[in-house]
2 protein chains.
Amino acid sequence: METLSTNKAFGGVQGVYSHDSAETGTEMTFAVYVPPHADGAKLPLLWYLSGLTCTHANVMDKGEYRRLASELGLIVIAPDTSPRGEDVPDHAGYDFGKGAGFYVDATTEIWSVNFRMRSYVETELPALVAKQFPADMKRQGIFGHSMGGHGALTIALRNPDRYKSVSAFAPIVSPLQCPWGEKALGGYLGKDKAAWREYDACALIEDGARVGDILVDQGLADDFLEEQLKPELLVDACDKASIPLTLNQREGYDHSYFFISSFMDDHLRWHAERL
Amino acid sequence: METLSTNKAFGGVQGVYSHDSAETGTEMTFAVYVPPHADGAKLPLLWYLSGLTCTHANVMDKGEYRRLASELGLIVIAPDTSPRGEDVPDHAGYDFGKGAGFYVDATTEIWSVNFRMRSYVETELPALVAKQFPADMKRQGIFGHSMGGHGALTIALRNPDRYKSVSAFAPIVSPLQCPWGEKALGGYLGKDKAAWREYDACALIEDGARVGDILVDQGLADDFLEEQLKPELLVDACDKASIPLTLNQREGYDHSYFFISSFMDDHLRWHAERL
């Protein structure tokens with residue numbers, strides 16, 4: 001692991017690091033905020049997964065999580081959203097290829113070599129973080145935005161014992177039922193939609209996956225609300241499965257970090273209470 | 001005035017606007033956050049002046065001021081740091097020309113046409129803001145970072161009746177006594193250093209200018225501390241003039257927005273108490 005930068009912030013350290021990933025076959029960059037803590041202490045670890053086009057830097061710059069993470073004693077980690085580099089295949093659109101890994105392990109030709117973001121985020125990066133940071137791996141939570149909200153929900157639903165808390169800002173709740181998902185999962189996983197179900201929060205719940213509870217914030221002025229995000233599908237799925245879902249519908253808020261930062265504190269408190 | 005973007009944030013609106021400036025002869029862009037407020041209410045107005053290389057966007061993205069500005073009911077406005085455009089003269093360095101207006105009215109050839117950031121920030125933009133936003137122009141405060149800290153201090157010292165509060169993050173306190181100042185004021189104002197004094201916080205105080213009190217936060221791991229910033233000069237000047245100066249020296253903090261955002265709340269409260 002190489003340290004790219006560290007900056008003191010709110011009494012702790014915001015760092016940016018890189019390492020060679022065996023899963024993606026590339027160098028991967030990620031951001032970690034470690035709040036002030038006593039020597040030898042192990043702190044709860046909160047994963048933030050970013051949306052389409054983002055890197056580790058968007059939430060680090062605009063997410064406004066450090067003040068309260070410092071107060072609550074949470075480590076916050078933000079991985080990149082895809083492998084990067086000239087040797088990595090790409091696509092002209094913003095919603096597939098680089099910056100759009102969708103937190104899946106691709107199985108289709110071309111994409112399967114590098115686009116292994118599921119295994120990277122679920123397995124490889126946690127192992128590195130456990131070694132390098134003062135994280136209590138028994139107290140992990142996960143959240144994210146849009147594509148990263150999809151990532152957080154699906155990863156938590158597949159690993160309910162590992163992640164004690166889950167929340168999302170404006171998540172894609174069902175890639176099976178929206179154009180972004182059709183394109184990305186079709187591209188990474190092929191035409192057999194049975195293989196998509198483990199990457200679809202609503203389908204996972206239908207198929208029996210469970211978590212303790214879920215918090216979602218959704219802006220009502222979000223341009224992607226009706227065509228791509230469809231929170232009502234998650235409401236239905238949670239309802240049928242008796243999963244307590246808190247869905248906050250926020251009048252006038254859009255899909256941007258102005259929205260995310262406005263409700264960041266609520267999400268950090270949600271996780272802190274469960275970690 | 002043209003609206004470039006508006007986003008709801010913390011119950012208020014973060015906007016970005018542009019207008020044709022008579023002072024600079026260019027289109028100028030600025031950011032304004034208006035917190036939630038009752039219809040017809042007039043709110044205190046806090047000016048944030050940015051540092052070298054910045055635009056209106058840096059503090060808007062990374063300053064983390066909206067949460068508390070919303071709570072305290074402060075309008076926060078962030079102008080650009082210089083005129084922009086292909087017709088505006090520039091300089092190869094980051095510390096002179098575009099992005100480095102130093103909040104002066106230039107008097108030297110080439111620069112005097114567009115680089116009128118003093119008149120722009122002191123006179124032209126306030127007149128526009130008074131018309132377009134629910135600002136109580138009798139309750140204005142000003143703060144800034146680095147070059148913008150210099151701007152805030154000098155503008156407040158020259159206009160103590162207009163700005164009721166002033167603070168700075170890592171300000172350039174004496175352009176007469178540092179390389180950044182030598183280069184910029186020499187370039188914009190020429191060799192006669194008598195003309196520089198109204199753009200030097202320490203010289204203004206020596207020459208009799210006064211404000212009620214000053215808050216400064218300075219990181220002790222700031223790479224520019226010893227050669228460029230020299231807060232001890234401001235301590236001396238304030239001491240001799242009996243101006244109460246609160247100088248917080250922050251161990252381990254650098255010159256970045258990670259530092260600024262860490263102490264943003266303290267500065268917002270400082271201003272709110274005085275407005």
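What you see is a predicted model; the values in this text were computed from it and never measured. (Residues numbered from 1 in each chain as written. Chains lettered and ligands numbered in written order. Predicted model: local features only at pLDDT ≥ 70, side-chain atom pairs only at ≥ 80, totals over all residues. Heavy atoms only, no water.)

K.L.:
When you look at the overall build of chain A in this model, what are you seeing that I'm missing?
P.N.:
Broken down by element type, chain A carries nine helices and nine strands. Over its C-alpha trace chain A gives a radius of gyration of 17 Å, about what one expects of a compact globule, namely 19 Å for 275 residues. Over its C-alpha atoms, taken along the principal directions, chain A stretches across nearly 50 × 40 × 35 Å. Here chain A holds 275 residues, and the buried ones make up 64% of them. Sequence-distant contacts, at least 24 apart, represent 72% of the contacts inside chain A between residues at least 6 apart. When the accessible surface of chain A is summed, it comes to about 10,100 Å², and 47% of that surface belongs to carbon and sulfur atoms. Of the side chains in chain A, 25 bear a positive and 39 a negative charge, and the two mean positions are spaced by 5 Å. (Helix = DSSP H or I, 4+ residues; strand = E, 2+ residues; numbered from the N terminus. Rg over C-alpha atoms; globule rule 2.2 N^0.38 Å. Buried < 20%, exposed > 50% of the residue type's maximum accessible area, 1.4 Å probe, protein only. Contact = heavy atoms within 4.5 Å. Areas by Shrake-Rupley, 256 points an atom, 1.4 Å probe, with all protein chains shown as cover. Lys, Arg positive; Asp, Glu negative; His and termini not counted. Charge placed at Lys NZ, Arg CZ, Asp CG, Glu CD.)

K.L.:
How should helix H8 (residues 231-241) of chain B be read in this particular structure?
P.N.:
In an α-helix, one full turn covers 3.6 residues, which means residues spaced three or four apart are oriented alike. All names here are of chain B. Taken together, the buried positions of H8 are occupied by Pro231, Leu233, Leu234, Ala237, Cys238 and Ala241. End-on, the buried residues of H8 take up no more than an arc of 150 degrees, which puts them together on one face. Within H8, the exposed residues directed more than 90 degrees away from the buried face are Asp239 and Lys240. Buried residues belonging to H8 abut helix H4 (147-158), helix H6 (201-206), strand S8 (214-219), helix H7 (225-229) and strand S9 (245-250). One or two residues past the end of H8 sits Ser242, with phi positive at roughly 55 degrees. (Arc of directions from axis to C-beta.)

K.L.:
Is there a simple way to explain the pairing of strand S4 (residues 43-49) of chain B in this structure?
P.N.:
Each regular strand displays side chains that alternate between the two surfaces of the sheet. Residues and elements named next belong to chain B. The buried count for S4 comes to seven of seven residues, which makes it a mostly enclosed element. Strand direction decides the pairing type here: S4 and strand S5 (residues 75-79), joined by three bridges, are parallel. Bridge pairing in S5 places Leu45 opposite Ile75. (Pairing = 2+ DSSP bridges.)

K.L.:
Honestly, the relation of the copies chain A and chain B in this entry has me stumped. Any pointers?
P.N.:
The operation linking the two copies of the chain is a rotation about an axis combined with a translation along the axis. At an RMSD of 0.0 Å, chain A and chain B line up after a rotation of 180 degrees and a shift of 0.0 Å along the axis. Taken together, the rotation and translation describe the operation of a two-fold axis. Comparing interface residues between copies, 100% of those in chain A also sit at the interface in chain B, which points to an isologous, same-surface contact. (Least-squares fit on C-alpha atoms with pLDDT ≥ 70 in both.)

K.L.:
Got a minute to help me understand the interface of chain A and chain B in this structure?
P.N.:
If you look at the interface, chain A gives 22 residues, while chain B gives 22 residues. In total, about 2,000 Å² of surface goes out of reach between chain A and chain B, with carbon and sulfur atoms giving 50% of it. Considering only the surface of chain A that becomes buried against chain B, Lys8, Glu64 and Phe258 of chain A emerge as the three largest contributors, covering 35% of it. If you look at where chain A meets chain B, you find two salt bridges. Measuring nitrogen to oxygen at the nearest pair gives 3.5 Å for the salt bridge that ties Glu64 of chain A to Arg66 of chain B. Between chain A and chain B we count twelve residue pairs in polar contact (both at pLDDT 80 or more) in total. Elements with a minimum of two residues in the side of chain A that touches chain B: strand S1 (2-9), helix H1 (57-62), helix H2 (66-72) and helix H9 (257-274) of chain A. With five residues, H9 of chain A is the single largest residue contributor to the side of chain A that touches chain B. (Buried area = accessible area lost by both parts, 1.4 Å probe. Salt bridge = Lys/Arg side-chain N within 4 Å of Asp/Glu carboxyl O. Polar contact = N/O pair within 3.5 Å; in protein donor to acceptor, adjacent residues only side chain to side chain.)

K.L.:
Sorry, what's going on with the packing of aromatic side chains here?
P.N.:
Each pair of aromatic rings is reported with the distance of its centres and the angle of its planes. All names here are of chain A. Enumeration according to the criterion identifies 32 aromatic pairs over all chains in this entry. On the numbers, 5.8 Å between centres and 35 degrees between planes, the contact of Tyr17 with Phe30 is tilted. In this pair, Tyr17 is assigned in strand S2 (residues 12-20) and Phe30 in strand S3 (residues 27-34), connecting sequence segments 13 residues apart. When its relative accessible area of 7% is taken as the criterion, Tyr17 is described as buried. In this structure Phe30 comes out as buried when scored by relative accessible area, which is 0%. (Phe/Tyr/Trp six-rings, centres within 6.5 Å; stacked < 30°, edge-to-face > 60°.)

K.L.:
Teacher, can you tell me more about the confidence of the model for chain A here?
P.N.:
Should pLDDT be low for a region, the predicted coordinates there are not to be read in detail. Of all residues in chain A, 100% have pLDDT values of 70 or greater, and the mean over the chain is 98. Two numbers describe this predicted complex: its pTM, 0.97, and its ipTM, 0.95. (pLDDT = per-residue confidence, 0-100.)

K.L.:
How should I be thinking about the layout of surface pockets in this particular structure?
P.N.:
A water-sized probe rolled over the atoms picks out the places where empty space is left. Estimated volume of the largest pocket: approximately 320 Å³. Cys54, His145, His255, Ser256 and Tyr257 of chain B are, among the 19 residues lining the largest pocket, the residues nearest its centre. Sorting the residues of the lining of the largest pocket by element identifies H1 of chain A together with helix H1 (57-62) and helix H9 (257-274) of chain B as the ones contributing at least two each. Here the second largest pocket defines a volume of roughly 210 Å³. Around the second largest pocket sit 13 residues that line it, and Leu52, Thr53, His145, Phe224 and His255 of chain A are the ones nearest its centre. Of the residues belonging to the lining of the second largest pocket, the class tally is six nonpolar, seven polar and no charged. (1 Å grid on protein atoms, 1.4 Å probe; cavity = no way out; pocket = protein on both sides within 12 Å on 5 of 7 lines; lining within 4 Å. Points joined across faces, edges and corners; volume = space filled by probe spheres on them. Nonpolar A, V, L, I, M, F, W, Y, C, P; charged D, E, K, R; others polar.)

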